[in-house]
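Next come the chains, spelled out residue by residue.
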Amino acid sequence: ASAKPDTNAHQEPSATNNNTQAKPAAEKQPRAAVDPNKFALIIAGVGGEGAYTKKFTAQATQLYDALTERLGFDEKQVYLLTQNVGGPENAARDTDIPHAARATAEETRKAFAAIKAAAKPDSLVFVMLIGHGSFDAQQAKFNLVGPDLTAKDYAAQLTALPTRRVIFIDSASSSGEFIKPLSGEGRIVITATRSGNEQNATIFAEQLIAALTSDAADGDKNGRVSVLEAFNYATKLTADWYKQKNRLATEHALIDDNGDGTGHEEATAGDGTIAKAIYLDSKPLAQAGGNAELEKLIKERQR
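Parameters at a glance
- Residues numbered from 1 in each chain as written.
- Predicted model: local features only at pLDDT ≥ 70, side-chain atom pairs only at ≥ 80, totals over all residues.
- Heavy atoms only, no water.
- Core = buried A, V, L, I, M, F, W, Y, C linked by side-chain atoms within 4.5 Å.
- Buried < 20%, exposed > 50% of the residue type's maximum accessible area, 1.4 Å probe, protein only.
- Helix = DSSP H or I, 4+ residues; strand = E, 2+ residues; numbered from the N terminus.
- Contact = heavy atoms within 4.5 Å.
- Pairing = 2+ DSSP bridges.
- Axes fitted to C-alpha atoms, helices over the stretch in contact; angles between N-to-C directions.

A. Looking closely at the nonpolar core. If you look at the biggest cluster of nonpolar residues, it comprises 45 residues, and the most contacted ones within it are Ile42, Leu67, Phe126, Met128, Ile167 and Leu280. Among the secondary structure elements, those contributing two or more residues to this core are strand E1 (38-44), helix H1 (50-70), strand E2 (78-82), strand E4 (124-130), strand E8 (166-170), strand E9 (187-191), helix H6 (204-212) and helix H7 (227-244). Setting aside residues no more than four positions away along its own chain, Met128 makes contact with Leu41, Ile42, Ile43, Leu63, Ile169, Ser171, Ala205, Leu208 and Ile209. Listed in part, the 33 residues of the second largest apolar core include Leu81, Val127, Phe135 and Ala172.

B. Local environment of the sheet that holds E8. Strands sit in the order E3-E2-E1-E4-E8-E9-E10 across an open sheet of seven strands; the sheet is mixed. Edge strands, defined here as strands with exactly one partner in the open sheet, are strand E3 (100-102) and strand E10 (254-256). The mean angle between the axes of side-by-side strands here comes to 10°, regardless of whether they run parallel or antiparallel. One ladder, built from seven bridges, connects E1 with E4; its direction is parallel. Counterpart to Ala40 in the pairing with E4 is Phe126. In the packing of helix H3 (residues 105-118) onto the sheet, contacts are made with E1, E2, E3 and E4, and the angle to E1 comes to roughly 175°. Along the sheet, H6 contacts E4, E8 and E9; its crossing angle with E4, the most-contacted strand, is approximately 145°.

Here is the structure:
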């Protein structure tokens, strides 16, 4: 499928907020302790035009690096699907990533199947879609190379997983329609838009990635960034971006984590309780220092 032209498509797709710029190499932190009970799937969909293809691939790769270097995900348990795997634009990274493949429906199903086979009931599964989406008043889809998958398709994949500890983020246009089909007990579902009618290109992905990798997002100053803190910080950065550009905001992110199928722009009406207590990092594991009993107690406290 080809991406639907966006009316806001020429909003400097590669531009970033000053607050989201990557830190200099000299400030790079040491690699985090690996938690073998975490899995991730990152999908950068069809760009539709060169600028977006480059942008989506770069964001997906940046998120991959953040998960595997900063947040304690095992490289062998992170699946990265992009439009041009094997092509000239990212060939240099292909051999570095154990599970890199083309962003197709088939490869998406394969990745979910691999996670399903390896995950346990208490595993954490993180999924993020980066790209364009569509909504025809009946079905919401995420644009892939070739046939697209619908929100219901992704819901079926999540239901088949052995764990209910799932974080699913759709940062594409029209993504608000993913909330209801994907909502479920134990799941955190985040979308870049509040409905399928917000169809312009979004900037939420880059702001969320910045939030996951920035100490500035740590609202309670406990040294960790929860999923809710990342959502709140990314939402603020997104709103600030539109104000700075003097533009009407064409995206309003939602979060749902109480399983009622209704997302909210803020932690309210029951949403946000689980997201407030879930972190992507592996800091407690590192704090345990290999002490099995202490690890058990930390996991019980988290539960």
